[in-house]
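Remarks on the overall topology
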Amino acid sequence: MTPVPQKLSRIFRSVTPRDILHTFETLLIGLGGGAVFRWLELPGGLISGAMIAVGAAAIAGRPMGLPPLMAHIILMTLGLSLGSMVSPQMLTNMAGYPLSIAILAASTFCATFGSSFYLQHIHKWDRTSALLAGSPGALSQIIMLANEQPADVAGIAVVQTMRVIVLTAALPLILAASGLAQHGGAAIHAAPATPLALAVLAAACVATSLLLRLVRFPASWMFGAMLGSSILHGTGSIEGGLPNWAYAAALIGIGALIGTRFAKISARTLLSYMAAAIGSFAVAIVISAIFIAIAALVTPARFGDIVVSFAPGAMDAMLALALTLHIDPIFVGAHHLSRFVFVSVATPGIVHLFGRPQVDADD
């Protein structure tokens, strides 16, 4: 096994001046977009502004991207911030989770097959591609699985990415307009911790992230940091979180990171799959809305918490929105992690059982 210092040495040696310029440009564009949306006092403005600005630049042909090490730091920073919202009182509200998670599993299953049915019968996609495109969440796992199958990887990437972008941009506006989430410019978060507390928090977050990474836990960088921070805050060992500037930088960073998903998708490819992306997204939203209503009727959770938890978007984006909109991050994290695991485990089996190309079925 290669020692960690040697791995880091290789990473830094592989970085070129062009890579540094691309990273700087991505962050600068993300900062500009986030600042504009923040100035307009749009809900979730730092995230959605950075995401839209970087995504638009990527579609226009600019080489948007962030190095893996920076992406990991951004995700761990987000996890630390999420964990800092935990309190002993919040942990007592977890009794209703098993029922709502079971409802979420049913919602995920139905949304996957509903979106797949739409893509097959309206846009004439083969069943494998339609199932993979309709599966909500776990984008990296879905793309890796698509590469191993006779599937339309470009179409799957567009449909999955558009769902993330639309939800991240629109959900804060909808929740704020309906009064289901707090807004008004600045996001609500824990007061800044002392320098010593921040050092302890950072060390705990790095340690737990590396531990989860070692056991191949899904989304280990973010959830590891969230776990370490949650334990320290939930037990009352530490109070406070990131200073305001670091908190804002984390939100802009996660928005820019989401926006870079368009870097490998050309405008022509995006347009050719736009109708399929919008249609399958609409189907998934309608199905999810039905199960959201069921969960709201049979569980004690707040409606806004359920909406963000059941939204078929990227886990990192939804958790970031939970921070900015004062949604319960523990409730949202538990549900999106459950769906991530469900999709990662169930999708290969679903594709194996139901995902033969349509032409094979006709033979």
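Below you will find a few notes about this structure. (Residues numbered from 1 in each chain as written. Predicted model: local features only at pLDDT ≥ 70, side-chain atom pairs only at ≥ 80, totals over all residues. Heavy atoms only, no water.)

Digging into helix H16 (residues 315-324)
With respect to burial, H16 is a largely interior element, ten of its ten residues being buried. The set of residues buried in H16 consists of Met315, Asp316, Ala317, Met318, Leu319, Ala320, Leu321, Ala322, Leu323 and Thr324. Following H16 by one or two positions, His326 has its phi on the positive side, about 60°. (Buried < 20%, exposed > 50% of the residue type's maximum accessible area, 1.4 Å probe, protein only. Helix = DSSP H or I, 4+ residues; strand = E, 2+ residues; numbered from the N terminus.)

Here's the deal with the pattern of salt bridges
Considering all chains together, one arrives at two salt bridges under this definition. Two residues, Glu25 and Arg62, come together in a salt bridge whose shortest N-O distance is 2.8 Å. Placement of Glu25 in helix H2 (residues 17-39) and of Arg62 in the loop between helix H3 (45-59) and helix H4 (68-83) is noted, with a sequence separation of 37 residues between them. Residue class for Glu25 comes out buried when judged on its relative accessible area of 19%. Two residues, Asp305 and Arg302, come together in a salt bridge whose shortest N-O distance is 3.0 Å. Residue class for Asp305 comes out buried when judged on its relative accessible area of 5%. (Salt bridge = Lys/Arg side-chain N within 4 Å of Asp/Glu carboxyl O.)

Some remarks on helix H6 (residues 97-122)
In an α-helix, one turn spans 3.6 residues; hence positions three or four apart end up facing the same way. Taking 1.5 Å as the rise per residue, H6 with 26 residues should run 38 Å; its terminal C-alpha atoms sit 36 Å apart, in good agreement. Positive backbone phi, at 60°, marks Lys124, one or two positions downstream of H6. (Expected span 1.5 Å × (residues − 1).)

A few points about the packing of H6 against helix H7 (residues 127-134)
When two helices pack together, you describe them by how their axes are tilted relative to each other and by the distance separating the axes. Between H6 and H7, the least distance of the axes is 8 Å, while the angle of their chain directions is 135°. By the angle class used here, H6 and H7 are oblique. Along this stretch, H6 crosses H7, giving a crossing that reads as right-handed. Counting all contacts with H6, which are made through Ala111, Thr112, Phe113, Ser115, Ser116, Leu119 and Gln120, the residues of H7 involved are Arg127, Ala130, Leu131, Ala133 and Gly134. Its residues assigned to classes, the contact of H6 with H7 shows six nonpolar, five polar and one charged. (Axes fitted to C-alpha atoms, helices over the stretch in contact; angles between N-to-C directions. Parallel < 35°, antiparallel > 145°, perpendicular 65-115°, else oblique. Left-handed = near helix turned anticlockwise from the far one by under 90°. Contact = heavy atoms within 4.5 Å. Nonpolar A, V, L, I, M, F, W, Y, C, P; charged D, E, K, R; others polar.)

Details of unusual backbone geometry
Working note: non-glycine residues mostly have negative phi, and peptide bonds are mostly trans. A positive phi is found at Lys124, a non-glycine position, where the angle reads about 60°. Here Lys124 is to be found in the loop between H6 and H7. Overall, Lys124 belongs to the exposed group, its relative accessible area being 65%.

Comments concerning a nonpolar patch on the surface
Residues Leu99, Val286, Ile290, Ile294, Leu297 and Val298 make up a contiguous nonpolar surface patch of roughly 580 Å² in combined accessible area. Per element, the largest residue contribution to the nonpolar patch is five residues, and it comes from helix H14 (residues 274-298). Turning to its location among the elements, Leu99 is positioned in helix H6. (Patch = residues over 30% accessible without salt bridge, like charges linked within 9 Å, V, L, I, M, F, W, Y side chains within 5 Å. Areas by Shrake-Rupley, 256 points an atom, 1.4 Å probe, with all protein chains shown as cover.)

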